[in-house]
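Geometric and topological summary
The residues making up each chain are set out below.
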Amino acid sequence: MQELKQKKSQLLFLKMKRCKFKIFLVCLIVVNTITAACQQKSYIFLTGLAQGTTYHITYKSDKNINYHVAIDSLLSDFDNSLSIYNPNSIISRINRNDSAAKTDEHFKTAFLKSQEVSEQTGGAFDITVSPLVNAWGFGFSKQSEINSLLIDSLLRLVGYQKIKLENDRVVKADSRMMIDMNAIAQGYAVDLTALFLESKGIKNYLVEIGGEIRTKGKNARGKTWTVGIDKPTDQNEIPGQDLQSVLALKDKSISTSGNYRAFYKKDGKKYGHIIDPSTGYPVQHNVLSATVISDDCITADAYATVFIVSGLEKAKEILKKHPELDAYLIYTNEKGEYEVYCTGRIREMLQ
């Protein structure tokens, strides 16, 4: 009975996530992963539900050991910490000011990384944006009637400087503040899963959760893992249906964010799901898709959102300050035509 309830809960999370919040809109797909995995018995392919979305994991196990149960348990514990769709998670209890709620290591790691990225990007990344995300109908509550007065009032509850960690507790400047780590949690979950596999001696793997990916070693064909980047068009509704580019990803993590799939139109105007923390309104910059490559997926995940919020020119400035990052940015020029800006190492990865 408990297992049935858990499965129903996971399906509910999945439905809510797909329909209302952060679907990874310029979705990365694994190219030929399943086919390749089937060609060699030493490669094991796993799939399941986590973080309100799906996961796909392929790894080489010379001893043919299946870690499905252990990974599901790991990701379940992770959801109990950081899922806003789980009413009993640590983050949900903190959002409703449960005095007994204490943070765990998952929460602390994601929180500290979020604050670090916020400081380095001038607040382009901000986990306190949750009240605005909910108001616009992209969170876990119904859309509000948007007007400038509402936005101004909610902006007073936003600001990464207004929250801090003290021992095992989150301290808020205003009790009405809420936090949402969906823009970083899936990347972090990918890292945790990858590190689990490495702890078991796995040297060849690909871990994908909700479009966030981390790779190591080779695929079943003995080749570098390859991933695709979708073209950011409203008509491109099926991930992998129409690819912009394919990249060879060697011992790296990759994340893509964009506004072209999760949006709605009102009075003839299109509103995307990524909210600018400085204005309180959906982002209106010309960057349609931001793909970031880094050593770890938590970093790639966060900066993919940053580059959508910041826009092309500020994204270029941030990249100059962070040579450890690579980016593939699809944007529209003054004529409304698609153009691509990418860092040098990306060109070496293009297939």
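Predicted model only: the values in this text are computed from it and were never measured.

1. Regarding the overall build of the protein
- Helix and strand counts for the protein stand at 11 helices and 15 strands.
- Scored against the burial criterion, the 351 residues of the protein give a buried share of 55%.
- Look at the contacts in the protein between residues 6 or more apart in sequence, and 63% of them connect residues 24 or more apart.
- Accessible surface, the protein as shown: approximately 16,000 Å² in total, 50% of it carbon and sulfur.

2. A closer look at the environment of Gly336
- On the secondary structure map, Gly336 appears in the loop between strand E14 (326–332) and strand E15 (338–342).
- A sequence separation of 50 residues divides Gly336 from Asn286, and the C-alpha atoms of the two residues are 9.0 Å apart.

3. Thoughts on the pattern of salt bridges
- On inspection of all chains with the given rule, the structure shows 12 salt bridges.
- We note a salt bridge from Glu105 to Lys108, for which the minimum N-O separation is 3.9 Å. Here Glu105 pairs with Lys108, and both are found in helix H5 (residues 105–120), just three residues apart, close to one helical turn.
- The exposure class assigned to Glu105 is exposed, which follows from its relative accessible area of 54%.
- Here Asp174 makes a salt bridge to Arg176, at a shortest N to O gap of 2.9 Å.
- With a relative accessible area of 21%, Asp174 lands in the partly exposed category.

4. Observations concerning the sheet that holds strand E3 (residues 53–60)
- Pairing in this open sheet of eight strands is antiparallel, and the strands run E2-E3-E6-E7-E10-E13-E14-E15 from one edge to the other. Strands with a single pairing partner mark the edges of an open sheet, and in this sheet they are strand E2 (43–50) and E15. Averaged over all neighbouring strand pairs, the angle between strand axes comes to 10°, with direction disregarded.
- One ladder, built from six bridges, connects strand E13 (residues 287–294) with E14; its direction is antiparallel.

5. Points about the packing of aromatic side chains
- For the structure shown, the criterion picks out six aromatic pairs.
- Summarising the aromatic geometry, the rings of Phe78 and Tyr188 are spaced 5.4 Å apart at their centres and angled 70° between planes, so their arrangement reads as edge-to-face. With Phe78 in helix H3 (residues 68–82) and Tyr188 in helix H8 (residues 182–199), the pair connects residues that are 110 residues apart, well separated along the chain.
- You can call Phe78 buried: its relative accessible area is 0%.
- Here a set of aromatic residues connected by ring pairs shows up, and it is made of Tyr59, Tyr67 and Phe196.

6. Thoughts on the confidence of the model for the protein
- Looking at the protein as a whole, its pLDDT mean stands at 84, while 80% of the residues score no less than 70.
- For the protein, per-element mean pLDDT is lowest for helix H1 (residues 2–20), which scores 40, and highest for H5, which scores 98.
- When the criterion is pLDDT under 50, residues 1–39 qualifies, and its contacts beyond four places in sequence or with other chains add up to 99 contacts.
- Every residue in residues 261–265 is under pLDDT 50, and counting partners more than four places away or in other chains gives 25 contacts.

7. Some points on the packing of H5 against helix H9 (residues 297–310)
- The geometry of H5 relative to H9 is characterised by a closest axis approach of 11 Å and an angle of 40° between their N-to-C directions. One finds that H5 runs oblique with respect to H9. Handedness of the crossing formed by H5 with H9: right-handed. Here H5 contributes Ala110, Lys113, Val117 and Gln120 to the contact with H9, which in turn contributes Ile298, Thr299, Ala302, Tyr303 and Val306.
- Taken together, the residues that form the contact of H5 with H9 break down as six nonpolar, two polar and one charged.

Each value, and the rule that gives it
- Residues numbered from 1 in each chain as written.
- Predicted model: local features only at pLDDT ≥ 70, side-chain atom pairs only at ≥ 80, totals over all residues.
- Heavy atoms only, no water.
- Helix = DSSP H or I, 4+ residues; strand = E, 2+ residues; numbered from the N terminus.
- Buried < 20%, exposed > 50% of the residue type's maximum accessible area, 1.4 Å probe, protein only.
- Contact = heavy atoms within 4.5 Å.
- Areas by Shrake-Rupley, 256 points an atom, 1.4 Å probe, with all protein chains shown as cover.
- Salt bridge = Lys/Arg side-chain N within 4 Å of Asp/Glu carboxyl O.
- Pairing = 2+ DSSP bridges.
- Axes fitted to C-alpha atoms, helices over the stretch in contact; angles between N-to-C directions.
- Phe/Tyr/Trp six-rings, centres within 6.5 Å; stacked < 30°, edge-to-face > 60°.
- pLDDT = per-residue confidence, 0-100.
- Parallel < 35°, antiparallel > 145°, perpendicular 65-115°, else oblique.
- Left-handed = near helix turned anticlockwise from the far one by under 90°.
- Nonpolar A, V, L, I, M, F, W, Y, C, P; charged D, E, K, R; others polar.

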